[in-house]
Amino acid sequence: KPAVAASEQTSSPPAKESSDQSPGVPLPGLTGQVKQVTIEFEIYSGADRQLMGSGQHRYVSDDGRNYGVSIKQLLNDGDPVQVQPWQMEISGTIGRLGLNPILFQIQGAVPERLMAIKEVTENLSALPAKGRSGRMPDGLLDRQSLLYQFMLQPPILTGGKLWLSDGATHRVYTYRLGGIETFIIPSLGGVRTIKLVLSTSDSPEIIELWLVPDLHYLPAKVRHIDRQGVVTEQVVTSLDFS
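Residues numbered from 1 in each chain as written. Predicted model: local features only at pLDDT ≥ 70, side-chain atom pairs only at ≥ 80, totals over all residues. Heavy atoms only, no water.

1. A closer look at the confidence of the model for the protein chain
So, step 1. Taken over all residues, the pLDDT of the protein chain has a mean of 85, while the share at 70 or more is 82%.
So, step 2. Note on residues 1–12: pLDDT under 50 across the span, and 20 contacts to partners over four residues away in sequence or across chains.
So, step 3. Note that pLDDT drops below 50 for residues 15–23; the model gives that stretch 35 contacts with residues more than four away or on any other chain. (pLDDT = per-residue confidence, 0-100. Contact = heavy atoms within 4.5 Å.)

This is the structure in structure tokens:
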């Protein structure tokens, strides 16, 4: 199925595709979803990896049928005082194919950048600082819910497909295994990760995920490279789940 932006398509996006539609054997790892995850991370931008700030991810699913993700800014000593720190809220349901985001709320420029697909901007002042909210088209995954999708649907050795959306545009991505690496999470020490590389057929945009199979395929690092080459990284510094 061709992937096109929402602005280029008048009909609704197709039903969400998932990795379990690809034949193959899931990679070995700790399977099954958890009820709560707390992740602290640092955000880096550009080829010189300039630190943009710190944030906290919280994933909650007490009943196993619904889920919520909250992302908020963590202020460090010396950070400039802001009227309202940036934050994001995503909520949805959990189905046979994994996470189905339904509603989102965004406040601030940084979450807009963490949500965007296709293109982001290096000039944060050009991004909308005012909040926005909306519904995800047909429950398509957003880039932040994607961090928990493989906890529910472990990656397949032969790869698979996923539809992603930022609430405005949507497109299909193909993922492949990019190797096995050791990664240092300061709160946990060295962990073994598998690297997944997500790409789309009509753009050089790439999403790279470093997932920890022994920790329910939760993320250790995420890198987004848009079609103009703008790099955004989320690097995990602390991870806890129950």
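Structure's up, so let's keep going.
2. Overview of unusual backbone geometry
So, step 1. With a phi angle near 55°, Arg49 is a residue other than glycine that sits in the positive phi range.
So, step 2. Checked against the element boundaries, Arg49 lands in the loop between strand E1 (36–45) and strand E2 (50–60).
So, step 3. Within the chain, Asp138 stands out as a residue other than glycine whose phi angle is a positive 55°.
So, step 4. As for its position among the elements, Asp138 is in the loop between strand E6 (132–135) and helix H2 (146–152).
So, step 5. In this structure Asp138 comes out as partly exposed when scored by relative accessible area, which is 48%. (Helix = DSSP H or I, 4+ residues; strand = E, 2+ residues; numbered from the N terminus. Buried < 20%, exposed > 50% of the residue type's maximum accessible area, 1.4 Å probe, protein only.)

3. Points about the environment of Glu205
So, step 1. Within the fold, Glu205 resides in strand E10 (residues 203–212).
So, step 2. Classification of Glu205 as buried rests on a relative accessible area of 0%.
So, step 3. Considering only alpha carbons, one finds Glu205 and Tyr173, 32 residues apart in sequence, at a separation of 9.8 Å.
So, step 4. With residues up to four places along the chain from it excluded, the contact list for Glu205 reads Ile117, Lys118, Arg171, Tyr173, Leu198, Ser199, Thr200, His224, Ile225, Asp226 and Arg227.

4. Considerations on the sheet that holds E10
Neighbouring strands of a sheet are bound in pairs by backbone hydrogen bonds; such pairs are parallel or else antiparallel.
So, step 1. The 12 strands lie next to each other as E6-E5-E4-E3-E2-E1-E12-E11-E10-E9-E8-E7, forming an open sheet whose pairing is antiparallel. Each edge of the open sheet is held by one strand with a lone partner, namely E6 and strand E7 (160–165). Direction aside, neighbouring strands of the sheet carry axes that sit 25° apart on average.
So, step 2. With 4 bridges connecting them, strand E5 (residues 98–107) and E6 associate as antiparallel partners. Pairing of Gln105 across the sheet is with Ser133, part of E6. (Pairing = 2+ DSSP bridges. Axes fitted to C-alpha atoms, helices over the stretch in contact; angles between N-to-C directions.)

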